[in-house]
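# Tertiary structure, described
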Amino acid sequence: MANQDQAYLDLLKKIMTEGNDKNDRTGTGTRSLFGAQMRFDLSQGFPILTTKRVPFGLIKSELLWFLRGDTNIRFLLEHKNHIWDEWAFKNWVTSPEYQGPDMTDFGLRSQKDPGFKAVYDEEMKKFCQRILDDEAFAQKYGNLGDVYGAQWRHWGKRDGGFIDQIADVIEQINTNPDSRRLIVTAWNPEDVPSSALPPCHVLFQFYVADGKLSLQLYQRSGDMFLGVPFNIASYSLLLSLIARETGLEVGEFVHTIGDAHIYKNHFAQVEEQLKRTPFDAPTLWLNPEKKKVADFEMADIKLVNYQHGSTIKAPVAV
Ligand SMILES: Nc1nc(=O)c2c([nH]1)NC[C@@H]1CN(c3ccc(C(=O)N[C@@H](CCC(=O)O)C(=O)O)cc3)CN21
Ligand SMILES: O=c1ccn([C@H]2C[C@H](O)[C@@H](COP(=O)(O)O)O2)c(=O)[nH]1
C-alpha cells in the first residue's frame, strides 16, 4: 500500500507559502487559497492521514449519524463523539431557559481566558449529560436543525413531502450509471441565512467507469488542519459504503475545496506535521455480510493496519 498523505501535505505547504492572510467570521484569522484539489485513489489504501492520529471512530459515528438522517447530537454523545457539541451548546446558552454563567463568545473566550475555560468546560459537561439523561431536553436543545442528515435523507419539498437524496442517487447509480446527474446537494439558499453553520460540504457527485465508483466533493470552506482530515476519511468511507451497496469497486475520491484555509492558531501544529514521515495507508474492512448502507453499524467498519504519528492537538474556531 502507498502513502496517501502526500496530496494533503503538499496542499498544507502550498497554503503556508502562497496563501493570502485573511480575516474570518470567527475572528481567529487564517491563511488561505481559493480553489484547491486533492485526489485519492482508494485502490491504493484508505486515505486517512498517517502523519497524525485521526480518530476514525468519530468519523464512523458522524457518518452513520448523517446516513440515519439524524440531526440530534444525542446519538453522537451516545458514541462519545463530541465534535458537534459547541453548535448545540450555542442554542442552549442563548435560550431564555438558560440561567447559568454568561457564555457570550464562549469559543474565543475559552481559548484566551483559562478561568473562563474552567467555567465553560463545567457548563458544557452538564449540558452533554443532560442531553443524554433528559429526552425532552435533548429534543429541544440537542437538535442542530437542517444539517447534513436532514438534507441528505429528507430534503423538504416545496409542496410537502420530502426527497431522500441518498436512496435516489443509489437507485440512479444502479440503473443509470453513465448519468452525469448523480448529485447530492446540501446547500439550500432558503435556509442559509437562518443556519448556525451553513453546510461546508455543499455538494457531491458520483461517476462510474470500468466497474469503479468515484466521488467528487465540493467543499466551500475547509479548515485544513482540523476539519479536512475528517472530511477526507469521511467521504472516502461514504464512497466505499455506496460502492458496496451498488456492487462496484472503489475508484477515486476527488476533493475540491473553495476557501482552503489554515487558522493562525494552527500554524505551529502544521509545521510539526510537515516534519513527519508518512506511513503506508491502512486498508478498510467492511463486514462482508452487509450490503446496504443503511445496515452498517460501528462494528461493521474497521481500519486494518492503521499506523500513525501521535495526536496533534489544536483549538477549534467557533
Ligand atoms: N472551525 C471549524 N473547523 C471545523 O473543522 C469544523 C467546524 N468549525 N464546525 C463544524 C465541524 C465540527 N468539526 C470538527 C470539530 C472538532 C474537531 C476536533 O477537535 N478534532 C480533534 C480530535 C477531537 C477528539 O479526539 O475528540 C483532532 O485532533 O482531529 C474536528 C472537527 C468539523 N467542523
Ligand atoms: O466538515 C467541515 C465543517 C466545517 N469545516 C470548517 C471550515 C471553516 O473553518 C468552518 C466553517 O466556517 P464558515 O465561516 O461557515 O466557512 O468550519 C470544515 O473544514 N469541515
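Cut-offs used in this document
- Residues numbered from 1 in each chain as written.
- Chains lettered and ligands numbered in written order.
- Predicted model: local features only at pLDDT ≥ 70, side-chain atom pairs only at ≥ 80, totals over all residues.
- Pairing = 2+ DSSP bridges.
- Helix = DSSP H or I, 4+ residues; strand = E, 2+ residues; numbered from the N terminus.
- Right-handed = clockwise from strand over helix to strand, strands pointing away.
- Near = placed C-beta within 6 Å.
- Nonpolar A, V, L, I, M, F, W, Y, C, P; charged D, E, K, R; others polar.
- Axes fitted to C-alpha atoms, helices over the stretch in contact; angles between N-to-C directions.
- Contact = placed C-beta atoms within 7 Å.
- Expected span 1.5 Å × (residues − 1).
- Buried ≥ 20, exposed ≤ 12 C-beta atoms within 10 Å, placed from the backbone.
- Arc of directions from axis to C-beta.
- UniProt positions renumbered as here; feature names shortened; annotations may be inferred.

### Looking at the pairing of strand 8 (residues 249-263)
- As defined by bridge partners, strand 2 (residues 30-41) adjoins strand 8 across 11 bridges and the pair is classed as antiparallel. Counted as the bridge partner of arginine 31 is isoleucine 262 from strand 8.
- Bridge analysis of strand 7 (residues 212-223) against strand 8 gives 10 bridges, and the strand direction is parallel. Counted as the bridge partner of lysine 212 is glutamate 249 from strand 8.
- The parallel pair strand 7 and strand 8 is bridged by helix 10 (residues 227-246), and the resulting crossover is right-handed.

### A short note on the site of ligand 2
- Around ligand 2, the structure places Arg25, Leu197, Pro198, Cys200, His201, Ser221, Gly222, Asp223, Gly227, Val228 and Asn231.
- For the shell around ligand 2, the secondary-structure elements that each account for two or more residues are strand 7 and helix 10.
- Its residues assigned to classes, the shell around ligand 2 comprises 4 nonpolar, 5 polar and 2 charged.

### Remarks on the sheet that holds strand 2
- If you walk across this open sheet you meet the 6 strands as 1-2-8-7-6-5, and the pairing is mixed. Looking along the sheet, the strands with just one partner apiece sit at the ends: strand 1 (20-22) and strand 5 (183-185). When the angles between neighbouring strand axes are averaged without regard to direction, this sheet yields 20°.
- Sitting on the sheet, helix 10 touches strand 2, strand 6 (201-209), strand 7 and strand 8, and the angle it makes with strand 7 is about 155°.

### Some remarks on the site of ligand 1
- Every residue near ligand 1 is listed here: Pro55, His82, Ile83, Leu197, Asp223, Leu226, Gly227, Phe230, Thr311, Val316 and Ala317.
- A per-class count over the shell around ligand 1 returns 7 nonpolar, 3 polar and 1 charged.

### A word on helix 6 (residues 114-133)
- Its 20 residues give helix 6 an end-to-end C-alpha distance of 29 Å, which sits within 8% of 28 Å, the value for a rise of 1.5 Å per residue.
- Restricting attention to buried positions, one finds in helix 6 the residues Phe127, Cys128 and Ile131. What you see down the axis of helix 6 is that its buried residues fit within an arc of 95°, all on one side. Facing away from the buried surface of helix 6 by more than 90 degrees, the exposed residues are Gly115, Ala118, Glu122, Lys125, Lys126, Gln129 and Asp133.
- Elements in contact with the buried residues of helix 6: helix 3 (73-78), helix 4 (85-93) and helix 7 (135-141).

### Brief notes about the environment of alanine 233
- Looking at where alanine 233 falls in the secondary structure, it is placed in helix 10.
- Taking the number of C-beta atoms within 10 Å as the measure of exposure, alanine 233 has 25 and is therefore buried.
- Counting along the chain gives 19 residues from alanine 233 to serine 214, while the straight-line C-alpha distance between them is 14 Å.
- Once residues within four sequence positions are removed from consideration, alanine 233 is found in contact with Pro47, Ile48, Val54, Phe56 and Ile59.

### Topic: the UniProt feature "binding site: (6R)-5,10-methylene-5,6,7,8-tetrahydrofolate" (unreviewed entry) in the chain
- According to UniProt, the positions carrying the feature "binding site: (6R)-5,10-methylene-5,6,7,8-tetrahydrofolate" (unreviewed entry) are Asp223 and Ala317. Look at the named residues: they lie 95 residues apart in sequence, but the longest C-alpha span between them is just 9.2 Å, so in the fold they bunch up.
- The residue aspartate 223 is located in strand 7 in this model.
- Overall, aspartate 223 belongs to the buried group, with 25 C-beta atoms counted inside 10 Å.
- Beyond its immediate chain neighbours, meaning those up to four positions away, aspartate 223 contacts Val228, His261 and Tyr263.
- Looking at where alanine 317 falls in the secondary structure, it is placed in the segment after strand 10 (301-304).
- Judged by C-beta crowding, with 22 C-beta atoms within 10 Å, alanine 317 ranks as buried.
- Every residue in contact with alanine 317, bar those within four places of it in the chain, is listed here: Thr26, Thr28, Gly107 and Tyr263.

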